[in-house]
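Geometric and topological summary
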Amino acid sequence: MIVLGIETSCDETGIAVYHTENGLLSHTLFSQIEIHNEYGGVVPELASRDHIRRTIPLIKKALQNAHIDLHEIDAIAFTQGPGLAGALLVGASIANAMAFALKIPVLNIHHLEGHLLSPLLSKPAPCFPFLALLVSGGHTQLIKVKGIGQYTLLGETVDDAAGEAFDKTAKLLGLDYPGGKALAELATKGRPSCFKLPRPMRHSGDFNFSFSGLKTAVLTLIKNHEINDQMRADIALAFQEAAVDILTEKSLAALARTGLTQLVIAGGVGANIALRSRLLQETSRIGATVFFPEFQFCTDNGAMIAFAGAMRLLKQDTVRCPETMNSFTVKARWELETL
Ligand code: KG4
Ligand code: ZN
């Protein structure tokens with residue numbers, strides 16, 4: 001079966017075609033980073049307008065690259081939430097209109113389920129059950145994944161998400177939005193142990209995280225020092241080390257508590273090299289295995305939505321037939337556990 005995936009929850013238009021036997025046939029992406037850059041963050045109205053411009057041309061391109069005709073699609077999966085309501089509505093409207101016209105089912109996909117399952121697009125893939133560390137711009141969660149749609153939240157951030165902390169700290173260091181990747185690059189020039197930053201909630205005994213104090217500690221450092229370029233890199237490294245420490249320690253503690261031996265990393269911060277190498281090192285020390293999505297599938301993309309849709313279709317789950325429906329919705333807020 002062939003599933004078309006449409007992702008428009010934030011500032012990336014991602015489209016993909018997934019074949020349940022042959023795997024990913026194609027994927028296309030347009031990132032709006034340059035549009036939002038000058039505002040220092042995503043402007044929702046600009047995001048929606050750009051999704052309107054990009055989605056249909058990208059669908060055409062994805063189908064062309066996959067060498068398939070529109071009528072060969074068996075179902076359409078789209079991100080129903082969480083995300084920016086206006087941006088979500090673009091993908092939802094196009095997905096539902098196409099499904100109605102083609103008389104095929106439509107699948108409402110949870111954005112975080114897409115991220116969670118994205119490492120399954122690579123080989124070797126983890127098997128159920130596994131522990132997932134979801135580290136994106138909007139979420140930081142540790143989740144026990146028993147199977148498709150069987151997600152138990154073990155802990156999450158009580159304030160900023162990890163990606164948000166990277167972005168806010170990057171901004172304090174004068175880097176462009178979204179600064180996670182740029183901060184990681186700057187950190188490669190930093191000298192270890194120049195600055196010591198806190199590890200909030202390290203000993204909280206649960207699987208929750210807190211990142212806002214870390215960002216505030218950076219702000220205090222910057223206020224109290226005459227900062228030159230080298231110090232900026234030193235601070236970037238100190239911040240990254242603190243974030244990586246917290247994420248690694250909590251993930252290892254959750255593996256120990258649940259008895260799981262596979263750790264899956266999902267979401268944009270999963271592209272961070274320091275986090276990847278530290279997790280590889282620590283999991284191999286305890287005899288566990290860590291799985292990462294391909295770099296291109298760490299941040300928002302259509303492949304993860306098409307894949308999640310294909311898994312749902314195989315399970316005959318959450319499938320709606322357009323002939324029997326006369327409306328559709330998006331969910332700007334949506335708890336993964338309610339799936
Ligand atoms: O998963 P994602 O595309 O967005 C949400 O669904 O929220 O993740 C985007 C986040 C941003 O905060 C970005 O700065 C961060 O991932 N990010 C990184 C890196 N690449 C992207 N953070 C740290 N190091 C990176 N290499
Ligand atoms: Zn995302």
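Just so you know, the residues in each chain are numbered from 1, in the order the chain's sequence is written. Here every chain gets a letter starting at A, and every ligand a number starting at 1, in the order they are written. The predicted nature of this model means local features are confined to residues of pLDDT at least 70 and side-chain atom pairs, given and counted, to a pLDDT of 80 or more, with totals for whole chains, interfaces and linings taken over all residues. For the side-chain quantities, the full set of heavy atoms in the structure was used; hydrogens and water were omitted.

Some details on unusual backbone geometry
Operational definition: For helices the rule is a DSSP run of H or I covering at least 4 residues; for strands it is a run of E covering at least 2, with both sets numbered from the N terminus onward. Working definition: with a 1.4 Å probe on protein chains only, accessible area under 20% of the residue-type maximum means buried, over 50% means exposed, and in between means partly exposed.
Of the consecutive residues F128 and P129, the connecting peptide bond is found in the cis state with omega at -5°. Omega for the bond connecting Y177 with P178 falls within 30 degrees of zero, at -10°, which places this linkage in the cis form. Its place among the elements puts P178 in the loop between α5 (162–172) and α6 (180–187). Even without a glycine there, the phi angle at M201 is positive, about 65°. When its relative accessible area of 25% is taken as the criterion, M201 is described as partly exposed.

A look at the sheet that holds strand β10 (residues 289–291)
Pairing between sheet strands relies on hydrogen bonds along the backbone, with the strands arranged either parallel or antiparallel. For the record, the criterion: Only when DSSP finds a minimum of two bridges between them are two strands counted as paired. Structural elements are reduced to axes, namely lines fitted to C-alpha atoms, with helices fitted over the stretch in contact, and the angle between N-to-C directions of any two is expressed from 0 to 180 degrees.
With mixed pairing, five strands are arranged side by side in an open sheet as β8-β7-β6-β9-β10. The open sheet terminates on both sides in strands that have one partner only, identified here as β8 (150–156) and β10. Within this sheet the neighbouring strands show an average axis-to-axis angle of 25°, counted without direction. Bridge analysis of strand β7 (residues 140–147) against β8 gives six bridges, and the strand direction is antiparallel. Considered in β8, the bridge of I143 is made with L153.

Focus on the coordination of the zinc ion (ligand 2)
In an ideal octahedron of six donors the angles at the metal are 90 or 180 degrees, and in an ideal tetrahedron of four donors they are 109.5 degrees. Just so we agree on the cut-off: Metal coordination here is assigned from N, O and S atoms located within 2.8 Å of the ion, or within 3.2 Å for Na, K and Ca; omission of water means that sites may look incomplete. Every angle between 85 and 135 degrees makes a four-donor site tetrahedral, while opposite donors more than 155 degrees apart, with all other angles between 65 and 115, make a four-donor site square planar and a six-donor site octahedral; other sites are irregular.
For the zinc ion (ligand 2), every protein donor is listed as H111 (NE2), H115 (NE2) and D300 (OD), and the spread of their distances is 2.0 to 2.1 Å. Each of the four donor atoms around the zinc ion (ligand 2) contributes to a set of angles spanning 94 to 136°, which defines the coordination as irregular. Mapping the donors of the zinc ion (ligand 2) onto the primary sequence yields the spacing H-x3-H-x184-D. Within this pair, H111 and its partner H115 are both found in helix α4 (residues 111–117), separated by four residues, close to a single helical turn. An identical accessibility class is assigned to H111 and H115; each is buried.

What about the nonpolar core?
Spelled out, the test is: The criterion is simple. A nonpolar core is a set of buried Ala, Val, Leu, Ile, Met, Phe, Trp, Tyr and Cys residues joined through side-chain atoms within 4.5 Å. In what follows, residue pairs with any heavy atoms lying within 4.5 Å of each other are defined as contacts.
Counting residues in hydrophobic clusters, the biggest one holds 44 residues, and the most contacted among them are L197, F211 and F239. When residues of this core are traced back to their parent elements, those giving at least two are β6 (130–135), α5, α6, α7 (212–224), α8 (229–258), β9 (262–266) and α9 (273–285). At 14 residues, α8 tops the list of elements feeding residues into this core. Beyond its immediate chain neighbours, meaning those up to four positions away, L197 contacts L214, A217, V218, L221, I235, A238, F239 and A242. In terms of nonpolar packing, the next biggest core, distinct from the first, is built from 33 residues, Y18, L107, F130 and M304 among them.

Focus on the site of ligand 1
Definition in use: One heavy atom suffices: a residue is near a molecule or strand as soon as one of its heavy atoms comes within 4 Å of it. Under the rule applied, a polar contact is a pair of N or O atoms within 3.5 Å (in protein, one hydrogen donor and one hydrogen acceptor; residues adjacent in sequence only if both atoms are side-chain atoms). Residue exposure ignores everything except the shown protein chains as possible cover, and the areas themselves are Shrake-Rupley values with a 1.4 Å probe. Classification convention: Asp, Glu, Lys, Arg as charged; Ala, Val, Leu, Ile, Met, Phe, Trp, Tyr, Cys, Pro as nonpolar; all other residues, Gly among them, as polar.
Surrounding ligand 1, one finds 18 residues, the nearest of these being G137, D167, G268, N272 and D300. G138 is positioned with one of its backbone polar atoms (N or O) 3.1 Å from an oxygen atom of ligand 1. The separation between an oxygen atom of ligand 1 and a polar side-chain atom of D167 is 2.5 Å. Against a free-state accessible area of 560 Å², the protein chains account for coverage of 87% of ligand 1. Only α4, α5 and α6 provide two or more residues apiece to the shell around ligand 1. The dominant element in the shell around ligand 1, judged by the number of residues it contributes, is α5, at three residues. In terms of residue class, the shell around ligand 1 is made up of four nonpolar, 11 polar and three charged.

Notes on the packing of helix α2 (residues 44–66) against helix α3 (residues 85–102)
The description of two helices packed together rests on the angle between their axes and the distance between the axes. To keep it simple, the criterion reads: Handedness of a helix crossing follows the sense of rotation of the near helix relative to the far helix, less than a right angle counterclockwise being left-handed and clockwise being right-handed.
Viewed as axis vectors pointing N to C, α2 and α3 meet at an angle of 30°, and their least axial separation amounts to 8 Å. The handedness of the crossing between α2 and α3 is right-handed. Between α2 and α3, the contacting residues are S48, H51, I52, T55, I56 and I59 on the first element and G86, A87, V90, I94 and M98 on the second. Looking at the contact of α2 with α3, its residues break down into seven nonpolar, four polar and no charged.

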